Structure formats: structure tokens, C-alpha cells
Amino acid sequence: MATSIKYGDSLLASLDGGKSATIHCADKVAAKNIKIAFDLKGNVTYNGVSTNVPAGKTATVECAKKKMLYDISISVSEAFNAAAQGRIVSLKDISPESHTLDIKIDHRSQSGFSDVKVIKLGKNLFNSAASQVKEVTYTANVDGAVHTRCGYEIRLPAGKYFLNPYKTDTSADCYIYTYVNDKDGNCRSDALHLVGGAQKTDHYIVTQTTTFTFYYDIKEGDVIYIVDAVNSGLDIAKSRLTSYQYQIELGETATEYEPYIEPIEYPAAADGTVEGVTSLYPCTTLYADLEDSDIFVKYNAE
């Protein structure tokens, strides 16, 4: 027996013990939580099992040997699908099987998008392994005080982000400050919020060995600075910033660390549509390299 099913479908079939049934998930729709219940003659029910089937792929259900199964009841309770829009979007309810995404870019004052690209990444938006600690100059306080220290300089589209530093060198204590400057170089103390750790002032955070997490509300053109506050001054070789792995992720909830995935760029057509973009498992993050633009994404939708 073979059948093609998708979200909302159900099937009732007979199968003898020792034989198998093949479930084929309909193209375009990857199903999750496919419920499979076994009924013996005499209406005794085995515990149901569930599985996920990527779009266009198959799953096989085998009957126990020496058991004459009367009915196999198969139903799909949910489908992997998502739709999102915004300056930068993240898709998390996705299948391990790669799917093509429907994407369109929009801008309130621009109609042609031939020179625009869509950037695809995983969950982690900061490559701490490849990023170089360098001298950075930033405004540290609302009074305009300017400092130069060793640090990272990070630019992201407007959005809400979490930063989680994960310590890799347990012997190294490190004071880390973080600031946000706007596009004119002014300190944006309102953009930075402490979630875990110890707060030194309203404008920057200090930590030693404690767990700490930062939450940013970034506007277009903002720059995030992560700096070594005490240990190195301007001596890059002595900086302990590299004793951490950093994860910056989109959203309002911090999650487990995921290694950085190198971004892939896709060119947009003149009308803003973008072809050939595929999903990344377990999380796909997308944005356009055009300020104040919106990206509209459909995943696994018919």
C-alpha cells in the first residue's frame, strides 16, 4: 500500500502482519506529527506513534510479525509551514529537509530591486571565530564621552536581538562592556538592556565570571560595540574577548548556542522577487541589504 498525504489528510487501510505501508508526503508540504494508530481485530488499539515526513519523501510503517492488523489509521495533525515579514525575519518551524522559499522585497519609496540582495544565515548572526578584535572608537555615555578600546564592531538590520556570550576559557576573567551608537555616533542607552549579569551604569554592562545576556532594540544604522573594558586597553594581543563565543540572534528570547553559518547572498529581480532561496535547518534568518526594506517570506506553503 502506498498513499500520498498532506496536512489535513487522513487514511484508513488494512494490512497483514509482517507487511509494511509506505506514506508519501505530498510535494510542497512537509508534514509533522503524523499520527499512526494500529487496531487489532477485536478492536484492541496499540499505542499510536508519530513521525515527521519531509515534502516529497516517504516513511514506512511496518506491522509486527505474527500480528494480523485490521486497520492502520494515518492522519496528519500539523504541517511544517511558516510565513513572516519584517526588516529581518527568522523561520524556526521548519523541516530537516531543505525547501525552496517564496520571497519578495518591498520598500516604501523604492520600486526597482535589481541591485538588492537577500542574505541568508542560520540562527547565530555573529561570527566570533572569524571576526577580528580591533581598535574601535565609540561614544560611551549620553554626555558624549568618546573612548577607544579593543573590541568588536557589529552592524545589523533594525530589529530586536539577544546577545549571549559563552565562555570557552574558564581560566580567563574578563570585563566586557557593550554599547550601542546611532548612525550619528551618539550613545543610545535606551537600546541596551541587561538580562543577566551585573550592571555598572545605565549605559554599559560589566561582568567577570557571571552569566550575562544582553537584549538590544536596534534601529536602522545603529552600531553595536563589544569591548574589553579592563584587561587590554589598546593591546589587542592581551584582549580576552576571544575567551568567549558569542551568539547574536533575532527575537526576544535567548536560546542555545549554535555555530555561525556562512551567509549566502541571492540577487533580487527588478520586481523584488527572489528565486532559488532554500531553507536552513533548524533556523533560517533572512534580510535584504537595503535599509528600511521589508522582506516577505513563505515557507512550505501551497
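Presented here is a report on the structure given in the accompanying data block. (Residues numbered from 1 in each chain as written. Predicted model: local features only at pLDDT ≥ 70, side-chain atom pairs only at ≥ 80, totals over all residues. Heavy atoms only, no water.)

On to the overall build of the protein chain. In terms of regular secondary structure, the protein chain is built from 0 helices and 26 strands. Counting over 302 residues, the protein chain shows a buried share of 45%. Intrachain contacts of the protein chain at a sequence separation of at least 6 include 77% that bridge at least 24 residues. (Helix = DSSP H or I, 4+ residues; strand = E, 2+ residues; numbered from the N terminus. Buried < 20%, exposed > 50% of the residue type's maximum accessible area, 1.4 Å probe, protein only. Contact = heavy atoms within 4.5 Å.)

Mapped onto the fold, Ile226 is located in strand S21 (residues 223–228). The class for Ile226 is buried, based on a relative accessible area of 0%. For Ile226 and Leu241, which are 15 residues apart along the polypeptide, the C-alpha to C-alpha distance reads 8.5 Å. Residues within four places of Ile226 in sequence aside, it is in contact with Cys150, Gly151, Tyr152, Ile154, Leu163, Ile176, Tyr177, Thr178, Leu241 and Tyr246.

Right, let's get into the pairing of strand S20 (residues 213–218). Summarising burial for S20: 5 of the 6 residues are buried, a large majority. Of the pairings in the sheet, the one linking strand S15 (residues 159–167) to S20 comprises 5 bridges and is antiparallel in character. By the bridge assignment for S20, Leu163 is matched with Phe214. (Pairing = 2+ DSSP bridges.)

Bringing the nonpolar core into the picture now. If you look at the biggest cluster of nonpolar residues, it comprises 26 residues, and the most contacted ones within it are Tyr152, Ile154, Tyr161, Tyr216, Ile224, Ile226 and Tyr246. Contributing elements (two or more residues each) for this core: strand S12 (117–121), strand S14 (146–155), S15, strand S16 (176–181), S20, S21 and strand S22 (244–250). The element best represented in this core is S22, accounting for 4 residues. Tyr161 has contacts with Ile88, Leu125, Leu156, Phe214, Tyr215, Tyr216, Ile218, Ile248, Glu249, Leu250 and Gly251, leaving out every residue within four places of it along the chain. (Core = buried A, V, L, I, M, F, W, Y, C linked by side-chain atoms within 4.5 Å.)

Right, let's talk about the side chain of His107 for a bit. Tracing the backbone through its elements, the reader meets His107 in strand S11 (residues 101–107). Within the structure, His107 has its side chain in polar contact with the backbone oxygen of Glu291 (distance 3.0 Å). What His107 contacts, discounting residues up to four positions off in sequence, is Phe113, Leu290, Glu291, Asp292 and Ser293. (Polar contact = N/O pair within 3.5 Å; in protein donor to acceptor, adjacent residues only side chain to side chain.)

Taken as a whole, this structure holds 5 salt bridges when the rule is applied. For Asp190, the salt bridge goes to Arg188, with nearest N and O atoms at 3.0 Å. Look at Arg188 and you get buried, because its relative accessible area is 8%. With a closest N to O distance of 2.4 Å, Arg188 and Asp222 form a salt bridge. Taken together, the residues Arg188 in the loop between S16 and strand S17 (192–196) and Asp222 in the loop between S20 and S21 connect sequence positions 34 residues apart. Taken individually, Arg188 and Asp222 each receive the classification buried, so the pair is uniform in this respect. A network of salt bridges, in which partner residues are shared, links Lys134, Glu153 and Arg155. (Salt bridge = Lys/Arg side-chain N within 4 Å of Asp/Glu carboxyl O.)

Our focus in this paragraph is the environment of Lys160. Among the structural elements, Lys160 can be located in strand S15. In this structure the C-alpha to C-alpha distance between Lys160 and Thr253, which are 93 residues apart in sequence, comes to 9.8 Å.

The next thing to look at is unusual backbone geometry. The omega angle of the peptide bond from Tyr281 to Pro282 is 10°, so this bond is cis rather than trans. With respect to the helices and strands, the residue Pro282 is situated in the loop between strand S24 (273–274) and strand S25 (284–288). Even without glycine at this site, Asp292 takes up a positive phi of about 60°. Along the chain, the position of Asp292 falls in the loop between S25 and strand S26 (293–299). Residue classification places Asp292 among the partly exposed residues on the basis of a relative accessible area of 36%.

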